[in-house]
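Single-letter residue listing:
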Amino acid sequence: MAETVYVQKFEEFFTAKYKKELEKLAEFYPIKRSLNVDYKTLEEYDIELADELIQKPAEIIESAVEAVKNMSVVSSKEEPVVPHVRFFNLPNDYTLIIKNVNSSHLGKLISIEGVVTKITEVKPKLVNAVFECNHCGRIYTIPQEDTTGKIAEPSACSCERRSFSLMTEQSTFIDTQKLEVQEPLEKIRGGEISRKMSVIINDDLTNLIIPGDKLMITGTLTLKAPKFKTAVYDLFIDANHTMKLSKEFEDIELTEEEEKKIKDLSKDPKLYEKIVASVAPSIYGHSEIKEAIAMQLFGGTPHKVKSDGMKIRPDMHILLIGDPGCLVADERVALGNGAIAKIGEFGSEHLEKIDVDLLTGQGRKRDTATIFHAYRNQPVMEIITESGKSIKGTYNHPLLTVKNRERTWKRLDEMKAG
Ligand SMILES: [Zn+2]
């Protein structure tokens, strides 16, 4: 519940510090519908209110929204402006690394830095549920404030029955998306596992984030009810504000000095070796794997242009494959341009003619695969590595293995656990 005292405080604060931002927001409302408030500005203006925001964010944020409503800001279309109020730039004490988030932060406003590893589709979430009594037809509107995903129903109808139907047409929904973020690798020490955290974003924050984005997320640490009855709960962050920290390629501005360095490097006869060596420099050896990773960073040669000017996907740079043993047809291989393809897509008939460049794993030697070998009904085995990756192939398929810094090709049937 929004308390009058907080609503009043926010009205004063917004009038003093956010008049211009509100006017600008009104101009673009409802396309833009978030008022982003710098925590430091609030803290300077009213340190008590700022502290209350950290301690009980749900109530305080609601009060901030009420305050904007009371200020009767109208959009260019004469609609009342009722934006989300989103806060960023929390003090260091509440800007945490995921590892340090614990139950003492429950229900509080915190910020975490994370790299997005997964993101779901945008899904509608019920905000105001309209129920109809199945017996007398009375209508009830129940705001859905529970963040755990349970639907709040009317407790009982005035006809004393307790059977209701949800009327989706009359109910209101908000777009939500669930993210999984991981501790940025530079924040963890060697050997430590990078922790993960689920984050729920809503409305105008959705559809802007892609996996790989580095974000500063500010939100309320919330409990997620477990699917099965157990005393251990999962945590997630109900996000109030997200800010991208990673730069897009186009945003990178080169200094003259950097440009000169790049140009000098392009004339270096050892450039190729240097690029390969720059992949995971702290890891010893694995030069073939590093070469393959380096090649994946570059596309193939884009020389194929159709007569009508349409560009065709360039030839792939690499194909990691073993020979003469085989991977099964649905085993995926990494190609240049970051694409993943199934071997079965290259051919299906035994001794079919194909033309695929491949990396053999023997130093710089490269071969072109010209004939597709298909052996039906061979016994296959699957190997699952510690990281959960698996590979399926015939028993005699060689795998590059590393033992005591020595690289050897091993047949699948020679591999054993450990
Ligand atoms: Zn009823």
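Residue positions are given per chain, counted from 1 along the sequence in the order it is written. Where totals are concerned, whole chains, interfaces and linings use all residues; where local detail is concerned, this predicted model gives features only for residues with pLDDT of at least 70, and gives and counts side-chain atom pairs only at 80 or more. For side-chain calculations, the full set of non-hydrogen atoms in the structure is used, while hydrogens and water are omitted.

Caption draft 1: The overall build of the protein, seen in detail. The helix and strand tally for the protein stands at 8 helices and 19 strands. Out of the 418 residues in the protein, the part that is buried amounts to 34%. Here the open area of atoms and residues is found with the Shrake-Rupley method and a 1.4 Å probe, where only the protein chains shown may cover a residue. For the protein, the computed accessible surface area is about 26,900 Å², with 52% contributed by carbon and sulfur atoms. Every helix listed is a DSSP run of H or I at least four residues long, and every strand listed is a run of E at least two residues long, numbered separately from the N terminus. Throughout this description, buried means an accessible area under 20% of the type-specific maximum (1.4 Å probe, protein chains only), exposed means over 50%, and partly exposed covers the range between.

Caption draft 2: Examining helix H1 (residues 4-17) more closely. Expected helix span is taken as 1.5 Å per residue step, with the number of steps being one fewer than the number of residues. The end-to-end C-alpha distance of H1, which contains 14 residues, comes to 20 Å, matching closely the 20 Å that a straight helix rising 1.5 Å per residue would cover. Buried within H1 are the following residues: Tyr-6, Val-7, Phe-10, Phe-13 and Phe-14. The buried residues of H1 occupy an angular sector of 125° when projected down its axis, which confines them to one face. Two residues qualify as a contact provided that any one of their heavy atoms is within 4.5 Å of a heavy atom in the partner residue. Against helix H2 (19-28), strand E1 (34-38), helix H3 (39-45), helix H4 (47-55), helix H5 (57-70) and strand E2 (84-88) lie the buried residues of H1. Here, the arc refers to the directions that run from the helix axis to the C-beta atoms.

Caption draft 3: Local environment of the coordination of the zinc ion. Binding of the zinc ion to the protein goes through Cys-133 (SG), Cys-136 (SG), Cys-157 (SG) and Cys-159 (SG), at separations of 2.2 to 2.3 Å. Distances decide who is a donor: an N, O or S atom must be within 2.8 Å of the metal, or within 3.2 Å for Na, K and Ca. Water is not included, so sites may look incomplete. Labels for metal geometry use angle windows, namely 85 to 135 degrees for all angles of a four-donor tetrahedral site, and for square planar (four donors) or octahedral (six donors) sites opposite donors over 155 degrees apart plus all others within 65 to 115; sites meeting none of these are irregular. Around the zinc ion sit 4 donor atoms; with metal-centred angles ranging over 104 to 115°, the donor geometry is tetrahedral. Positions of the donor residues of the zinc ion along the chain correspond to the pattern C-x2-C-x20-C-x1-C. For Cys-136, a relative accessible area of 38% gives the class partly exposed.

Caption draft 4: Quick peek at the nonpolar core. One finds Phe-10, Phe-14, Val-37, Leu-42, Leu-53, Val-85 and Phe-87 to be the most contacted residues of the largest nonpolar core, which totals 31 residues. Of all elements in the fold, only H1, H2, E1, H3, H4, H5 and E2 reach the threshold of two or more residues within this core. Looking at which element gives the most residues to this core, the answer is H5, with 6 residues. If we skip the residues at most four places from it in the chain, Val-37 touches Phe-13, Phe-14, Tyr-18, Val-85, Arg-86, Phe-87 and Phe-88. Among the buried residues, those of types Ala, Val, Leu, Ile, Met, Phe, Trp, Tyr and Cys that are joined through side-chain atoms within 4.5 Å form a nonpolar core.

Caption draft 5: Expanded view of the pairing of strand E11 (residues 234-244). Two strands pair under a simple rule: DSSP has to find at least two bridges between them. Relative to E11, strand E9 (residues 196-202) is paired through 3 bridges, and the arrangement is parallel. Residue pairing for E11: Ser-198 is matched across the bridge by Phe-236.

Caption draft 6: Spotlight on the side chain of Ser-194. Structurally, Ser-194 is set in the loop between strand E8 (172-182) and E9. At 3.1 Å, the side chain of Ser-194 forms a polar contact with the backbone oxygen of Glu-183. Side-chain atoms alone can form a polar contact between residues adjacent in sequence; in general such a contact is a pair of N or O atoms within 3.5 Å, and within protein one must be able to donate a hydrogen while the other accepts it.

Caption draft 7: Just the pattern of salt bridges, in detail. Salt bridge, as used here, is a side-chain nitrogen of Lys or Arg placed within 4 Å of a carboxyl oxygen of Asp or Glu. Applying the stated rule across the entire model yields 12 salt bridges. Ionic pairing is found between Asp-46 and Lys-9, a salt bridge with its closest N-O pair at 3.9 Å. Here Asp-46 is found in the loop between H3 and H4, whereas its partner Lys-9 is found in helix H1, with 37 residues between them in sequence. Classification of Lys-9 as partly exposed rests on a relative accessible area of 23%. For Glu-113, the salt bridge goes to Lys-214, with nearest N and O atoms at 3.8 Å. Of this pair, Glu-113 sits in strand E4 (residues 109-119) while Lys-214 sits in strand E10 (residues 214-224), and the two are 101 residues apart along the sequence. Exposure remark for Lys-214: the relative accessible area of 21% places this residue in the partly exposed category. Connected through salt bridges with shared partners, the residues Lys-118, Glu-180 and Lys-196 form a single ionic network.

Caption draft 8: View of a nonpolar patch on the surface. Patch construction takes residues with relative accessible area above 30% that form no salt bridge. Like charges are linked within 9 Å, and nonpolar side chains (Val, Leu, Ile, Met, Phe, Trp, Tyr) are linked within 5 Å. Residues Leu-106, Leu-223 and Tyr-233 make up a contiguous nonpolar surface patch of about 240 Å² in total accessible area. Checked against the element boundaries, Leu-223 lands in strand E10.

Caption draft 9: Quick look at the side chain of Arg-86. Turning to its location among the elements, Arg-86 is positioned in strand E2. A distance of 3.3 Å separates the side chain of Arg-86 from the side chain of Asn-202, its partner in a polar contact. Setting aside its immediate chain neighbours within four residues, Arg-86 contacts Ser-34, Leu-35, Asn-36, Val-37, Asn-202, Asp-204, Leu-205, Ala-239, Asn-240 and His-241.

Caption draft 10: Up close: the packing of H1 against H4. Lines fitted to C-alpha atoms define the axes here, with helix axes fitted over just the stretch in contact, and angles between the N-to-C directions of these axes take values from 0 to 180 degrees. The N-to-C vectors of H1 and H4 enclose an angle of 120°; their axes lie 11 Å apart at closest approach. In this view, H1 runs oblique relative to H4, as classed from their interaxial angle. The way H1 lies across H4 gives a crossing that is left-handed. Seen from H1, the contacting residues are Tyr-6, Lys-9 and Phe-10; seen from H4, they are Glu-48, Leu-49 and Glu-52. When grouped by side-chain class, the residues that make up the contact of H1 with H4 number 3 nonpolar, no polar and 3 charged. Oblique is the label for any angle not under 35 degrees, not over 145, and not in the 65 to 115 range, which are roughly parallel, roughly antiparallel and roughly perpendicular in turn. Left-handed describes a crossing whose near helix is turned anticlockwise from the far helix by less than a right angle; the clockwise case is right-handed. Residues are sorted three ways: Asp, Glu, Lys and Arg are charged, Ala, Val, Leu, Ile, Met, Phe, Trp, Tyr, Cys and Pro are nonpolar, and all the rest, Gly among them, are polar.

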